[in-house]
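# A closer look at the structure
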Amino acid sequence: AQNVTVDEIMTAYKQACQKLNCKQIPKLLKQIQEFKDLAPRIDCLDLKGEKLDYKACEALEEIFKRVQFKIVDLEQTSLDEDGASALFDMIEYYESATHLNISFNKHIGTRGWQAAAHMMRKTNCLQYLDARNTPLLDHSAPFVARALRISSSLVVLHLENASLSGRPLMLLATALKMNMNLRELYLADNKLNGLQDSAQLGNLLKFNCYIQILDLRNNHILDSGLAYICEGLNEQRKGLVTLVLWNNQLTHTGMAYLGMTLPHTQSLETLNLGHNPIGNEGVRNLKNGLIGNRSVLRLGLASTKLTCEGAVAVAEFIAESPRLLRLDLRENEIKTGGLMALSLALKVNHSLLRLDLDREPKKESVKSFIETQKALLAEIQNGCKRNFILAKEKEEKEQKLQQSASMPEITVTEPLEEDTDEEADAGLETKDLSERPKSPDSADGAAASQLLLSLEKAKDRPPPLHVAEESPSPATSPASAPSQGNERRISVSSPGRGHKIFVVTRVETLPDRAADATRLRQDAAAASKPAEPQRPAPAPKPELPAPRANGAVPESSACSDPKRGDPNDCESATHDTPLPNGLKTDFARALPETSSDGDGKTGSCAAEH
């Protein structure tokens, strides 16, 4: 209604109660008096805990016909079939709510659910329906399923403890395959089993890539059911963002399925496996899948029967992860050894912002270890605080990198300098981890270890990095061969933190004349004729002379003594030593061969550059 006042609403409601011979609800009268701006939707109509019989429901129409609400809370209002169907018809007709709570109403029956389904189907404004602890039985489920199939506006649906196991879940899952609007589905406490129920859920995930949150806590999914769910997740490119499997009797067997699925999930960010007897073996089964995954940000492993051995496996994942934000390890028997591993992992991890552990140290046979535990717990929390501060700086840095990568006129040197910093950080991380102990023989080996690191990392990376760092495959050969017309293409790729690969490509037409000296120097490599196709250097990689931190070539290179070896060796060595500007040796191979004049100078200024 337009131009309505609080007094009008109050009067109309009181008259309706007299006419219907029912009691006025004091809680409601108080709320009406506090209504302020009546034009947009009012925040909330709260009737939680009030007993609403059919007459009390009818009296509410005087309010619904005059004002609309964001939330209408009808939790635990003892609705019967008549009252529920009358209320849902009103809410549908007057579009009274965007969020409706009908939880803890066990007697709304088939007619109540039928009216609720009609409301879901016809109302464009209803986005959130909470029907926890309101049983949706076999004879009511078809109505709700039909409403969900015919593109309902619902975004969030809570059906916890609604007796869904069996036919109701089958009908809902089948209907939701067609639904493109629902984003959050909460199905906790429904005694869902590891066979038919889980198969329906797995099937739903195969066909619906719009649901982002699936909460299955406190069911009986078991390892067999998790296999079905993993099958569904494998089919998704984008889709589920949060999966809650808390307390579903999952063991190490189920973790093996999940470990195989995780490398393929591209959108899953939160995985809660708390209160399942996963054990140390389960975490080991999960570890490689987590390391191979590129999306998980939050991992819940509270009360999963872990000891120090399991904590070490988790620490290995933390050390490898460039993106994990939160990890919950509470209610596990993690003692000094496990805490030590976690503390070391946090020294090289720069993403983890919150690591939940039990506050009180665990009992140890050696008393002094209790103090050690306290110190390690403090160290871990300090590591998380440090990452908090780093997170903002990293965000700013990434924004700069994105901007520089998207600039049309990009220079080759700029991103290389930034990426070199990133690689240096990565090198430090590897040293702290004390993994991959190989180090070059030279005294000043910081930059050389960096080079080795990038080569080693390349083994575990996707193909693009192999292409850029190691072999002259078709993807890189244009760097040396002339492209159509008189264009040259130079591509340089370098690994940044977090396994990101930045490829910098410059394609440009040759200038007719050297207009300005700086431009000439930048384009000189592209301007001269390449002598022959690019080829890998004959010298094996471990014997590369280690480049110094400032990019200078060590004096003990193969060319320092002309008597040693034949000229071909010397030539390959000049190609393998890094350029003065710090570019990778692979880049040097894309330059033309140097022809030496009698005075020892290089044949052209292009080759020199």
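Use the structure listed above.
One structure accompanies this document, and this report is about it. Remember, it's a predicted structure, so these values are computed and weren't measured experimentally. Per-chain numbering applies: the sequence of each chain, read as written, is numbered from 1 onward. Only residues with pLDDT of at least 70 are given local features in this predicted model, and only at 80 or more are side-chain atom pairs given and counted; all residues enter the totals for whole chains, interfaces and linings. Hydrogen atoms and water are omitted, and side-chain values are computed over all heavy atoms in the structure.

Two measures define how a pair of helices packs: the angle their axes make with one another and the distance between the axes. Look at helix α8 (residues 167-176) against helix α9 (residues 196-207): their axes get within 9 Å of each other, and the N-to-C directions meet at 5°. Classed by the angle they form, the pair α8 and α9 counts as roughly parallel. In contact with L169, M170, A173, T174 and L176 of α8, α9 contributes D197, Q200, L201 and L204. Nonpolar residues are Ala, Val, Leu, Ile, Met, Phe, Trp, Tyr, Cys and Pro. Charged residues are Asp, Glu, Lys and Arg, and all others, Gly as well, are polar. The residue makeup of the contact of α8 with α9, split by class, is six nonpolar, two polar and one charged. The axes used here are C-alpha line fits, helices contributing only the stretch in contact, and every angle between their N-to-C directions lies in the interval 0 to 180 degrees. In this description a helix means any DSSP run of H or I spanning at least four residues, a strand means any run of E spanning at least two, and both kinds are numbered starting from the N terminus. Here the angle decides the label: under 35 degrees means roughly parallel, over 145 means roughly antiparallel, 65 to 115 means roughly perpendicular, and every other value means oblique. Two residues qualify as a contact provided that any one of their heavy atoms is within 4.5 Å of a heavy atom in the partner residue.

Another aspect to go through is the sheet that holds strand β9 (residues 270-272). Across the sheet, which stays open at both edges, the 12 strands sit in the order β1-β2-β3-β4-β5-β6-β7-β8-β9-β10-β11-β12 with parallel pairing between neighbours. Whereas interior strands pair on both sides, the edge strands pair on one side only; in this sheet they are β1 (42-46) and β12 (354-356). With direction set aside, neighbouring strand axes in the sheet form an average angle of 5°. Pairing geometry for strand β5 (residues 156-158) and strand β6 (residues 184-186), over three bridges, is parallel. Its bridge partner lying in β6, V156 is registered against E184. A strand pair is defined by DSSP finding two or more bridges across the two strands.

Take the packing of helix α7 (residues 141-149) against α8 next. As a packed pair, α7 and α8 sit with axes 8 Å apart at the nearest point and diverge in direction by 10°. Relative to α8, the element α7 is oriented roughly parallel. In terms of crossing hand, the pair formed by α7 and α8 is right-handed. Together, A141, P142, V144, A145, L148 and R149 of α7 and R167, P168, L171, L172, A175 and L176 of α8 make up the contact between the two elements. A crossing counts as left-handed when the near helix is turned anticlockwise from the far one by less than a right angle, and as right-handed when that turn is clockwise.

This part takes up the side chain of T304. Inspection of the secondary structure assignment puts T304 in the loop between β10 (298-300) and α13 (308-320). If we ignore the near neighbours within four places in the chain, the residues touching T304 are L273, G274, H275, N276, P277, I278, G279, E331 and N332.

Any Lys or Arg side-chain nitrogen located within 4 Å of an Asp or Glu carboxyl oxygen qualifies as a salt bridge. Evaluation of the coordinates by the stated rule reveals 20 salt bridges. Here E62 ties to K65 by a salt bridge, and the two come within 3.8 Å at their closest N and O atoms. Here D356 makes a salt bridge to R326, at a shortest N to O gap of 2.7 Å. Separated by 30 residues along the polypeptide, D356 in strand β12 and R326 in strand β11 (residues 326-328) bring together distant segments of the chain. A single salt-bridge network, built from bridges that share partners, covers K48, E75, D130 and R132.

The subject of this paragraph is the environment of L60. Within the fold, L60 resides in the loop between α3 (54-59) and α4 (61-64). Each C-alpha atom, one on L60 and one on L87, is 8.2 Å from the other, the two residues being 27 residues apart in sequence. Setting aside anything within four residues of it in sequence, one finds L60 in contact with L28, L47, L52, L87 and M90.

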